[in-house]
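Topology and contacts: notes
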2 protein chains.
Amino acid sequence: MGTEKMTNLATSQPATVSAKTIDALITPSLLLDRNRLERNIQRLAERAAKLGVVLRPHMKTAKSIDVARQVFPGEPGPITVSTLAEAAYFASHGYRDMTYAVGLSPASALRAMEICHRTGADLKLLLDTVEQADALAEVRAATGVTPSVFIELDCDDHRGGLKPEDPRLLEVADRIVAAGARLVGVLAHAGESYGLNTPEALVQAAENERAATVRAAETLRRHGHACPIVSLGSTPTAHFAENLDGVTELRAGVYMFFDLVQHGVGVCAVDDIAISVLATVIGTKPEKGWVLIDAGWMALSRDRGTASQAVDQGYGVVCDLQGHMLADVIVSQASQEHGILTVRPGSGKPMPDLPVGTRVRILPNHACAMASQHEFYSVVSGDSPEIDARWDRIRGW
Amino acid sequence: MGTEKMTNLATSQPATVSAKTIDALITPSLLLDRNRLERNIQRLAERAAKLGVVLRPHMKTAKSIDVARQVFPGEPGPITVSTLAEAAYFASHGYRDMTYAVGLSPASALRAMEICHRTGADLKLLLDTVEQADALAEVRAATGVTPSVFIELDCDDHRGGLKPEDPRLLEVADRIVAAGARLVGVLAHAGESYGLNTPEALVQAAENERAATVRAAETLRRHGHACPIVSLGSTPTAHFAENLDGVTELRAGVYMFFDLVQHGVGVCAVDDIAISVLATVIGTKPEKGWVLIDAGWMALSRDRGTASQAVDQGYGVVCDLQGHMLADVIVSQASQEHGILTVRPGSGKPMPDLPVGTRVRILPNHACAMASQHEFYSVVSGDSPEIDARWDRIRGW
């Protein structure tokens, strides 16, 4: 409780706005380690270059122009978005080549083309049914914009999309053209790869994703469709693909930050995880081995992705203020604004002494989910206590 | 895709800002049914009056001045908050009598008293250790505000707090006084009541919460502490308490909206649930019995509170556009922006025909978690398609 905090408190702004060091941040706060972010970005950029494909990063994890600028320090590059709010936001910052990787409804296609009309962006849409294709004629007439469209593929029974051998693939392609829209390619996402945990299985999932996507593109081309873009990706397969012959672009999002789920899959080390929530100890129950912190699911998210992995990390792994792991300490329970720290069941280790007021950092199960609970990142570098910058996030649809 | 939507799309504002009907809302959007909200508010207000206690509603669920105005149509009344951001927000709207129901750290106590200094609010703090009590002397000296303090009680091994018979109770009380702070009472929360599901068990949990809290208050009074406020509450026990003798106030939050977890506990009917997420069908996989919607965990939250109840409701129960349940249809899977609807396992019912573009409403597992994923409520009344109002929410800490 030094002068620094007092000064912040004396203003009508939250302390975070002017905090210069981690000590002065209010808790809970979301931290982003710039060194780790840069390393993770560099790693996948090098892989994409080596594999000979364009990297089209997914902005659904970071949702921040400042993070996008780390990926593209010069001109804005091709990106993927998960909401039309992201599309409008990145368009306002000069991004033109975007893919909206969620299946369209007639209303969302209309909103998307309106964004293109207003900003000059080329926002590519996704669909897998003739009904969606047919709706594009009206969208085109209403907005005066010719929609660019991907056909969504299903390579692993994960979610939406057509199998490459599905006869509806050609039917949908023909109806896209008939509606006056532009068929730009095929797009797959190996979402089931999150459930894997050996290099062999991940290499195989990546090859399966590649083979299915290229097969669909070849079918379309045989029937006279140009299919210039062959797009695939998930963070696990992107890091394990051994070749991407026939593929033109790679998509991934969580790779910028990584998280405990990706660690459990085998894609990253714990020390690669770039975001964490800063929290303060607000109580202890020594008789139960509990330490209470002021970060619950509102700050950490309800995501429990590691629950189905070999090592269940609870609501997150606990580190000290400098970001070094406290051996076997996890957030084992969370209510809205409270977390309960315990030693992992079966660990022989004692609970470290964490008196009221101690600050800790919590690593996420799922970076997309943790980050979405916060309005901004406080940017730090390694174990320095200094806050370099505040980077805002967007939300909504 | 009528003229209404086109008009919205032609502006630079999101369609939601000006949407007059549900048809014109972008999806996903958060809906709040005013009729159900009013009924739920009325129900607990009547119970509190009958039980002879003050109702101090918890604003952590609604986080909205407009919802607070439904609870207090005249002058602002006593409220509970879960963050200092809520405290500052409600103080700016004239609320003066507030309890911050999360254990204090030295830094949060300082921020809290600064809010009091700036706004004239009486923001009561919570603690359960002598270390926290001792820190109040410095907080008082630094801000010139005398902190009002509750001692947190543990009535059911749920989270923090002291047992009523713990000898530290008196020690903590003495140290609060020694620090120059004001001991205003004791506070308990029967958080374990969420795990119950019979009226008998809920009546018993409510009586246990009452007895423990009154016992602690009596101990303090025997030792010369005034202990004017005896505060308890959770939504389940608030609705099942048969008498609150010795108690002065009742706290509850989720009761305003209710949710599927509260339905599973037995506190409300499904038709009492006042919030839902409006979503649009974006695909179908008839061979799997799947319908895909544009609401995933980003809109619904990751909360799976019903997973441990007798009936697992997946990521939520599906209703038609007017809010009437589709028999046995639930959101069985969710990724960031996609939900997968299926018929509940074991149901003999067929999946209803829900073509692309169809709009549905999803009821929450946990109202606090679903609402926290959104920036505002679109207020509707029953099955009318009209949107009465847009009520903003706050977030952050």
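Per an unreviewed UniProt entry, chain A goes by Alanine racemase and derives from Gemmobacter fulvus. Regarding chain A, the UniProt comment filed under Sequence similarities (unreviewed entry) reads as follows: "Belongs to the DSD1 family."

All told, the structure shown has 49 salt bridges over all chains when counted by the stated rule. A salt bridge links B:Lys124 to B:Asp122; its shortest N-O distance comes to 3.1 Å. The exposure class of B:Lys124 is buried, given its relative accessible area of 4%. Linked through salt bridges whose partners overlap, the residues forming this network are A:Arg56, A:Asp97, A:Asp122, A:Lys124 and A:Glu249.

Residues and elements named next belong to chain A. With parallel pairing, eight strands are arranged side by side in an open sheet as S2-S9-S8-S7-S6-S5-S4-S3. Strand pairing shows two members of the sheet lacking a second neighbour, strand S2 (54–55) and strand S3 (79–81), which therefore form its edges. Sheet analysis places strand S5 (residues 122–127) next to strand S6 (residues 148–152), joined by three bridges and oriented parallel. The residue of S6 that forms the bridge with Leu-125 is Val-149. Running over the sheet, helix H6 (residues 106–119) touches strand S4 (97–100) and S5 and is turned about 165° from S5.

This part takes up helix H3 (residues 34–51) of chain B. Residue and element names in this part refer to chain B. For H3, with 18 residues, the first-to-last C-alpha span of 26 Å sits near the 26 Å given by 1.5 Å per residue. By the burial criterion, the buried members of H3 are Arg-36, Leu-37, Asn-40, Ile-41, Leu-44, Ala-48 and Leu-51. The buried residues of H3 all sit within an arc of 130° when viewed along its axis, so they share a single face. Residues Ala-49 and Lys-50 are exposed on H3 and point more than 90 degrees away from its buried face. Those residues of H3 hidden inside the fold are in contact with strand S1 (29–33), strand S2 (54–55), helix H4 (65–71), helix H10 (235–240), strand S9 (249–250) and strand S17 (389–392). You can read the cap of H3 off the contacts: a side-chain oxygen lies 2.9 Å from the backbone nitrogen of Asn-35, and it is on Asp-33. Following H3 by one or two positions, Gly-52 adopts a phi angle in the positive range, close to 75°.

Once that is clear, we can look at the environment of A:Ser332. All names here are of chain A. By secondary structure assignment, the location of Ser-332 is in strand S13 (residues 325–334). Separated by 15 residues in sequence, Ser-332 and Val-317 have C-alpha atoms that sit 9.3 Å apart. Filtering out sequence-adjacent residues up to four positions away, Ser-332 remains in contact with Tyr-315, Ile-340 and Thr-342. Here Thr-342 takes part through its side chain, which lies 3.0 Å from a polar atom of the side chain of Ser-332.

Residue and element names in this part refer to chain A. Of note, Arg-302 is situated in the loop between helix H12 (297–300) and strand S12 (317–320). Between the C-alpha atoms of Arg-302 and Met-370, which are 68 residues apart in sequence, the distance is 8.4 Å. A distance of 2.8 Å separates the side chain of Arg-302 from the side chain of Tyr-315, its partner in a polar contact. Only 3.4 Å separates the side chain of Arg-302 from the backbone oxygen of Ala-334, close enough to count as a polar contact.

Below, the discussion takes up the UniProt feature "domain: D-serine dehydratase-like" (unreviewed entry) in chain A. UniProt records the feature "domain: D-serine dehydratase-like" (unreviewed entry) at residues 274–381 of chain A, using the numbering of this structure. For the annotated span residues 274–381 of chain A, helix accounts for 9% and strand for 41% of the residues, and the straight-line distance between the end C-alpha atoms is 10 Å.

Our next topic: the pairing of strand S7 (residues 182–187) of chain B. Residue and element names in this part refer to chain B. Most of S7 sits out of view: five of its six residues are buried. In the sheet, strand S6 (residues 148–152) pairs with S7 via five bridges, with the strands oriented parallel. Looking at S7, one finds that Ile-151 is bridged to Val-186. The sheet contact formed by S7 and strand S8 (residues 229–232) spans three bridges and is parallel. The residue of S8 that forms the bridge with Leu-187 is Ser-231. A crossover connection joins S7 to the parallel S8 through helix H9 (residues 199–222); in handedness this β-α-β unit is right-handed.

With 259 residues, the main nonpolar core has A:Phe257, A:Tyr377, B:Phe257 and B:Tyr377 as its most contacted residues. B:Phe257 has contacts with B:Leu32, B:Leu37, B:Asn40, B:Thr61, B:Ala62, B:Val67, B:Asp272, B:Ile273, B:Ala274, B:Ile275, B:Ala367 and B:Tyr377, leaving out every residue within four places of it along the chain. Counting residues in each nonpolar core, the second largest holds nine residues, with B:Ala19, B:Ala24, B:Leu31 and B:Leu278 among its members.

All names here are of chain A. Within the secondary structure layout, Ser-193 lies in the loop between strand S7 (182–187) and helix H9 (199–222). Residue classification places Ser-193 among the buried positions, given a relative accessible area of 1%. A polar side-chain atom of Ser-193 sits 3.0 Å from a polar atom in the side chain of Ser-234. Once residues lying within four places of it in the same chain are set aside, the contact partners of Ser-193 are Asp-156, Leu-202, Ala-205, Ser-234, Pro-236, Thr-237 and Val-265.

This brings us to the domain arrangement of chain A. When the parts of a complex come together, some accessible area is lost, and that lost area is often used as the size of the interface. Residue and element names in this part refer to chain A. In terms of domains, chain A is made up of domain 1 (3–32 + 268–392) and domain 2 (35–257). Using C-alpha coordinates to define each centre, domain 1 is positioned 33 Å away from domain 2. Listed by partner, the interface residues are 18 residues for domain 1 and 19 residues for domain 2. Buried surface at the junction of domain 1 and domain 2, both sides included, amounts to about 1400 Å², of which 51% is carbon and sulfur. It is Asp-272, Cys-368 and Trp-391 that lose the most area in domain 1 upon contact with domain 2, and together they represent 34% of the buried surface on that side. Counting across the interface, domain 1 meets domain 2 through two salt bridges.

All names here are of chain B. Taking 1.5 Å per residue, 14 residues should reach 20 Å; helix H6 (residues 106–119) reaches 20 Å between its end C-alpha atoms and fits that length. Among the 14 residues in H6, 11 count as buried, and that is most of the element. Those residues of H6 not exposed but buried are Pro-106, Ala-107, Ser-108, Ala-109, Leu-110, Arg-111, Ala-112, Met-113, Glu-114, Ile-115 and Cys-116.

Reading the values: the criteria
Residues numbered from 1 in each chain as written. Chains lettered and ligands numbered in written order. Predicted model: local features only at pLDDT ≥ 70, side-chain atom pairs only at ≥ 80, totals over all residues. Heavy atoms only, no water. UniProt positions renumbered as here; feature names shortened; annotations may be inferred. Salt bridge = Lys/Arg side-chain N within 4 Å of Asp/Glu carboxyl O. Buried < 20%, exposed > 50% of the residue type's maximum accessible area, 1.4 Å probe, protein only. Pairing = 2+ DSSP bridges. Helix = DSSP H or I, 4+ residues; strand = E, 2+ residues; numbered from the N terminus. Contact = heavy atoms within 4.5 Å. Axes fitted to C-alpha atoms, helices over the stretch in contact; angles between N-to-C directions. Expected span 1.5 Å × (residues − 1). Arc of directions from axis to C-beta. Polar contact = N/O pair within 3.5 Å; in protein donor to acceptor, adjacent residues only side chain to side chain. Right-handed = clockwise from strand over helix to strand, strands pointing away. Core = buried A, V, L, I, M, F, W, Y, C linked by side-chain atoms within 4.5 Å. Domains from an automatic or database assignment. Buried area = accessible area lost by both parts, 1.4 Å probe.

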